[in-house]
Amino acid sequence: MRDDDEVDLLVDAWADRIPGVDFTPLDVMSRLRRVALRLSELRAAAFRSAELSSWEFDVLAALRRAEPPHEMSPMELSRATMIGTAAMSNRLENLAARGLLARKANPSDGRSNLARLTPAGMERVDAAMVALVQLEADELQLLTTQQQAQLAGLLRILGGSPGQ
């Protein structure tokens, strides 16, 4: 006998209402949705611990991943974060006002500028990332290292990432 959770009850209820349908996809995707919601909660907690919002983390993290001196054009940041250029411009102004990045003229394009991660921005984004990795590690303790690798491989296939 299994210990039913909310997803089991949901799937069982649908199976009772529409017999003959294989609800395995609903079982899998409903569980993935629950995990995604939990991940959103973990991310928000990690970012809050570093006094960042999710969008602030995304921009600062893109800069942090760039090679030193950790600077990018607004267009590059828009591509890296999948945020429109108008919204990115506003975000860069807000982050600059908080001292988390600095802006300077782009020597290769006089019409734009570059955003550079400041030491304060680096400290915040690094703190958020360390907190996030720890929270995620805590969540994954239920799985062995082998199970984590297997799950990552399955999610890579499902997500259609390169190298499947």
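Reading the values: the criteria
The numbers attached to residues start from 1 for each chain and follow its sequence in the written order. Thresholds applied to this predicted model are a pLDDT of at least 70 for local features of residues and 80 or more for the giving and counting of side-chain atom pairs; totals over whole chains, interfaces and linings are not thresholded and use all residues. The side-chain numbers reported here are obtained from all heavy atoms of the structure, hydrogens and water having been left aside. We count a stretch as a helix when DSSP gives it H or I for four or more residues in a row; a strand needs E for two or more, and each element gets its number in order from the N terminus. Radius of gyration: over C-alpha atoms. The globule rule applied is 2.2 Å multiplied by the number of residues raised to the 0.38 power. Should any heavy atoms of two residues lie within 4.5 Å, those residues are considered in contact. Working convention for charge: Lys and Arg count positive, Asp and Glu count negative, and His plus the chain ends are omitted. A charged residue contributes its charge at one atom only: NZ of Lys, CZ of Arg, CG of Asp or CD of Glu. One side-chain nitrogen of Lys or Arg within 4 Å of one carboxyl oxygen of Asp or Glu is enough to make a salt bridge. Two strands are counted as paired when DSSP detects at least two bridges linking them. Orientation is described by axes fitted as lines to C-alpha atoms, over the contacting stretch for helices, and by angles from 0 to 180 degrees between their N-to-C directions.

Let's shift gears to the overall build of the protein chain. Along the protein chain, the regular secondary structure elements total seven helices and three strands. Taking 15 Å as the expected radius of gyration for a compact globule of 164 residues, we find that the protein chain reaches 21 Å, considerably beyond that expectation. Dimensions of the protein chain along its principal axes, counting C-alpha atoms only, are 65 × 30 × 30 Å. A fraction of 47% describes how many contacts in the protein chain between residues 6 or more apart in sequence connect residues 24 or more apart. Seen as two clouds, the 19 positive and the 23 negative side-chain charges of the protein chain have centres 8 Å apart.

What the rule picks out here adds up to twelve salt bridges. Close ionic contact of Asp27 with Arg31 constitutes a salt bridge, the shortest N to O distance being 2.7 Å. Of this pair, Asp27 and Arg31 are both found in helix 2 (residues 24-49), four residues apart, which corresponds to roughly one turn of the helix. The partner of Lys104 in a salt bridge is Glu71, with the nearest N and O atoms 3.7 Å apart. Residue Lys104 is found in strand 2 (residues 101-106), and its partner Glu71 is found in strand 1 (residues 71-72); the two are separated by 33 residues along the sequence.

What follows is about the sheet that holds strand 1. The strand order across the open sheet built from three strands is 1-3-2, with neighbouring strands paired in antiparallel fashion. Only two strands of the sheet have a single neighbouring strand rather than two, namely strand 1 and strand 2. The pairing of strand 1 with strand 3 (residues 109-117) spans two bridges and is antiparallel. Residue Met72 lies in a different strand from strand 3, and its bridge partner there is Ala115. The strands touched by helix 3 (residues 54-65) are strand 1, strand 2 and strand 3; relative to strand 3, the strand with the most contacts, the crossing angle is about 95°.

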